[in-house]
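# A look at the structure
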Amino acid sequence: MKIILCSIAILLASILNCNSQTSLVAKKGTDKKWWKEAVVYQIYPRSFKDSDGDGIGDLRGIISKLDYIKSLGVNTIWLNPIYSSPNDDNGYDVSDYRNIMKDFGTMADFDLLLKGLHERGIKLVMDFVLNHSSDEHEWFKQSKSSRTSPYRNYYHWWDAERVKPNYRYSLFDVNHDAWKYDSVTNAYYLHYFSKKQPDLNWENPKVRKEIYDIMKFWADKGIDGYRLDAFQFASKDTSFPAFPTGFENNFVPYYAMGPHLHDYLKEMNQEVFSKYDVMTVAEGAGNNYQDAHDLVDADRNELNMAYAFDAIDLAKMEGYDFIKFKETFSKWDSVFANKGWLSIFLASHDQARIVNRFGNASPEFRELSSKMLSTFLLTMRGTPFIYNGDELGMTNAGFEKITDYRDMSTLNEYQYQLNHGGDINQFMKRIQFECRDNGRTPFQWDDSKNAGFSTGTPWIQVNTNFKYINRAEQEMNQQSVLNYFRKATDLRQKNPALIYGKYTLLDKSNHDVYAYLREFEGKKFLVLLNFSSHQAKPNLKMNFARSKVVLANYPNPSSNGVLAPYESIVYQLN
Ligand code: NOJ
């Protein structure tokens, strides 16, 4: 009897304990935070608005458009790097982290921009390039000057009289080789990106301290967040062991999440993030779901969120596996359902335009599919990141001549293909669709010269369709992609269920329709998205026909259960 009572007591205790853990976990998943409620608008400063006629967008240009940004219903912006830079990789090669790039303006302009944003209730996330600096940064100049320089260990050097270091793949190098020989000290230095972007040595505590000081410098100015560029590559096995043949075809598992990455993030959190109310997001989410979860688990005190590439990488070339796309987003959602948080995005300055990749850029479907994609981004769980221009449905420029391209990584790869007998026609076809310059053409403000972007010659050509795809035209049209986008941000901001609500994928084997529920505190939304150019029927075992339509991209949304091409409808179910 005693034994039975005792077991019941143990059982009860474990149930209670388990319940209290569940409720704690559930609470964590819906813990309210401003950065979970953010709709982030990414601005590529070089292409947004030029204020002084030099053909390059700048900070004063952005300042002149603050009311437009506010009107979008976004509440946070992420700026690509604006620090001093020789611009080998458009600012991702920083030569002075405490100064503003000359092309973009001055620190006084920056202060004005930040003030203007804050006056409008908009937060600012800055891009921090911490895996590498420019080779023109003072640290690197000192580092390469002599083997005994106090800055030598700020970077990864390999003395040439030793055996040659094991091969490391470089993403942007013209020979794909990440070791560059430097004759001044007869040694190689490491650069995962271009030869003008040497990797910083994060094992050196002095480097880490310098970086944290820089991060604090900007936080003290009042910025609201950090986007950590390529940070998963910062920690490396510095014995540089050999990797198996062909590793470069899928190099990330060998390069990402090195042995000390979590230690660095914890230290960064303690030294910087914990001292301010800032949002933190890393580019890349590691090699697997566990990595991603560990990076953003609030109890581990590292980051708030990371963005993963699996889903958007599916559409590198035309045509992609839609079922996989839905599965991938659903899997990512489930990983963070109770703890941690994710970011939702389909495009950035590193990808071609969203409508070409996931929608349909033909005149017939461009507007409809752009609206459908905005609906997707703004009704998923996770913080949405919207890339500038996508709110207008801007499209790929698809340049035909290599001389029209500006992206250093594309130009270097072109050279590589030439040097190694690659198929140049095939290469040109590929970049026409996927080159990141497609997403970097000037913002299309109106139908005047250079789309109202600049009075000078733009650093990269304006997309020729600016005459009919531009902001001014869309302001006048209530049914425009732009005005639809505003409705979608408004719906999200007014409905916590669309931010915090549980996500449930429905009809998962449907090859055309993405259907899901979002539920929170008694409110329930059903989202139906036809990702195809034909009619499609979702197979749902629920009666929603009489439910209230709260957002739709057709003036008369379908009511017979069959969705028109690229149709999107959001129903409120109760
Ligand atoms: C990722 C950035 O998004 C990309 O634009 C840049 O070229 C690389 N990191 C290197 O910094």
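Scroll up to find the structure this text is about.
What counts and what doesn't
- Residues numbered from 1 in each chain as written.
- Predicted model: local features only at pLDDT ≥ 70, side-chain atom pairs only at ≥ 80, totals over all residues.
- Heavy atoms only, no water.
- Buried < 20%, exposed > 50% of the residue type's maximum accessible area, 1.4 Å probe, protein only.
- Helix = DSSP H or I, 4+ residues; strand = E, 2+ residues; numbered from the N terminus.
- Pairing = 2+ DSSP bridges.
- Right-handed = clockwise from strand over helix to strand, strands pointing away.
- Near = heavy atom within 4 Å.
- Polar contact = N/O pair within 3.5 Å; in protein donor to acceptor, adjacent residues only side chain to side chain.
- Areas by Shrake-Rupley, 256 points an atom, 1.4 Å probe, with all protein chains shown as cover.
- Nonpolar A, V, L, I, M, F, W, Y, C, P; charged D, E, K, R; others polar.
- Contact = heavy atoms within 4.5 Å.
- Core = buried A, V, L, I, M, F, W, Y, C linked by side-chain atoms within 4.5 Å.
- Axes fitted to C-alpha atoms, helices over the stretch in contact; angles between N-to-C directions.
- Parallel < 35°, antiparallel > 145°, perpendicular 65-115°, else oblique.
- Left-handed = near helix turned anticlockwise from the far one by under 90°.
- Expected span 1.5 Å × (residues − 1).
- Phe/Tyr/Trp six-rings, centres within 6.5 Å; stacked < 30°, edge-to-face > 60°.

### With respect to the pairing of strand E10 (residues 279-283)
When you tally the buried positions in E10, you get five out of five residues, the bulk of the element. Where strand E9 (residues 225-229) meets E10, four bridges bridge the pair, whose relative direction is parallel. Looking at E10, one finds that Leu-228 is bridged to Ala-282. In this structure, E10 lies alongside strand E11 (residues 305-307), joined through three bridges in parallel fashion. Within E11, the residue paired with Ala-282 across the bridge is Ala-306. One crossover worth recording links E10 to the parallel E11 by way of helix H9 (residues 289-296), and it is right-handed.

### Observations concerning the site of the ligand
Neighbouring residues of the ligand: Asp-89, Tyr-92, His-132, Phe-172, Phe-193, Arg-227, Asp-229, Glu-283, His-349, Asp-350, Arg-436 and Arg-440. In this structure, Arg-436 approaches the ligand through a side-chain N or O atom, which is 3.1 Å from an oxygen atom. In isolation the ligand offers 300 Å² of accessible surface; the protein chains occlude 97% of this area. In terms of residue class, the shell around the ligand is built from three nonpolar, two polar and seven charged.

### Structural notes on the sheet that holds E9
As a general point, the strands of a sheet are linked pairwise by backbone hydrogen bonds and lie either parallel or antiparallel. Pairing is parallel in the open sheet, where eight strands are placed in the order E11-E10-E9-E5-E2-E1-E13-E12. Looking along the sheet, the strands with just one partner apiece sit at the ends: E11 and strand E12 (343-344). Pairing of E12 with strand E13 (residues 383-387) involves two bridges; the strand directions are parallel. Residue pairing across strands places Ile-344 opposite Pro-384, the latter belonging to E13.

### A closer look at the environment of Phe-128
Positionally, Phe-128 belongs in strand E5 (residues 123-129). Given the relative accessible area of 0%, Phe-128 is considered buried. The sequence separation of Phe-128 and Asn-543 amounts to 415 residues, and the corresponding C-alpha distance is 48 Å. Setting aside chain neighbours within four positions, we find Phe-128 in contact with Tyr-83, Ile-214, Met-215, Trp-218, Ile-223, Tyr-226, Arg-227, Leu-228 and Asp-229.

### Digging into the side chain of Asp-390
Mapped onto the fold, Asp-390 is located in the loop between E13 and helix H14 (408-419). Classification of Asp-390 by relative accessible area gives buried; the value is 9%.

### Considerations on unusual backbone geometry
Of note in the backbone geometry, Asn-186 takes a positive phi value of approximately 55° without being a glycine. Residue position: Asn-186 is located in the loop between strand E7 (179-182) and strand E8 (187-190). Even without being glycine, Tyr-566 reaches a positive phi, approximately 55°. The buried category is assigned to Tyr-566, whose relative accessible area is 5%.

### Points about the nonpolar core
Core analysis: the largest hydrophobic core is formed by 160 residues, its most contacted members being Tyr-41, Ile-69, Phe-110, Phe-128, Met-215, Leu-228 and Tyr-514. Sort the elements by how many residues they give to this core and helix H6 (residues 205-221) lands first, with seven residues. Non-local contacts of Phe-110, meaning those with residues more than four positions away in its chain, are made with Leu-59, Ile-82, Ile-100, Leu-124, Met-126, Trp-218, Lys-221 and Ile-223. Core analysis: the second largest hydrophobic core is formed by 12 residues, Val-513, Ala-536, Phe-544 and Tyr-571 among them.

### Looking at the packing of helix H13 (residues 366-379) against helix H17 (residues 481-494)
Between H13 and H17, the shortest axis-to-axis distance is 10 Å and the interhelical angle comes to 15°. Relative to H17, H13 is oriented roughly parallel. Here H13 runs over H17; the crossing is right-handed. Listed contacts from H17 to Arg-366, Glu-367, Ser-370, Lys-371, Ser-374, Thr-375, Leu-377, Leu-378 and Thr-379 of H13 are Val-481, Tyr-484, Phe-485, Ala-488, Thr-489 and Arg-492.

### A closer look at H13
In an α-helix, one full turn covers 3.6 residues, which means residues spaced three or four apart are oriented alike. Given a rise of 1.5 Å per residue, 14 residues ought to cover 20 Å, and the 20 Å separating the end C-alpha atoms of H13 matches this to within 8%. In terms of residue burial, H13 counts as a mostly covered element, since 13 of its 14 residues are buried.

### A look at the pairing of E8
Two faces belong to every sheet, and in a regular strand the side chains alternate between them. Here E8 shows a buried face lined by Ala-187 and Tyr-189 and a second buried face lined by Tyr-188 and Leu-190. Sheet analysis places strand E6 (residues 157-159) next to E8, joined by three bridges and oriented antiparallel. Paired with Trp-157 across the strands is Tyr-189, a residue of E8. In this structure, E7 lies alongside E8, joined through four bridges in antiparallel fashion.

### Some details on the packing of H9 against helix H11 (residues 322-335)
Running from N to C, H9 and H11 cross one another at 45°; their axes reach a closest spacing of 10 Å. When the axes of H9 and H11 are compared, the pair comes out oblique. In this structure, H9 crosses over H11, and the sense of that crossing is right-handed. Of H11, the residues touching H9 (which contributes Tyr-289, Ala-292 and His-293) are Lys-331, Trp-332 and Val-335. Partitioning the contact of H9 with H11 into residue classes produces four nonpolar, one polar and one charged.

### Quick word on the packing of aromatic side chains
Using the criterion set out here, one finds 71 aromatic pairs in the structure. Plain terms: the ring middles of Tyr-83 and Trp-218 are 5.6 Å apart, the flat faces sit at 70° to each other, and that makes the pair edge-to-face. Pair noted here: Tyr-83 is in strand E3 (residues 83-84) and Trp-218 is in helix H6, with a separation of 135 residues, a long-range link. Taking the relative accessible area as the measure of exposure, Tyr-83 reaches 0% and is therefore buried. Taking 5.5 Å as the distance between ring centres and 65° as the angle between the ring planes, the aromatic pair formed by Trp-157 and Tyr-189 counts as edge-to-face. With Trp-157 in strand E6 and Tyr-189 in strand E8, the pair connects residues that are 32 residues apart, well separated along the chain. On the basis of relative accessible area, Trp-157 is assigned to the buried category, the value being 13%. Three or more aromatic residues joined by ring pairs form one cluster here, namely Tyr-83, Tyr-97, Phe-110, Phe-128, Trp-139, Tyr-151, Tyr-154, Phe-217, Trp-218, Tyr-226 and Phe-273.

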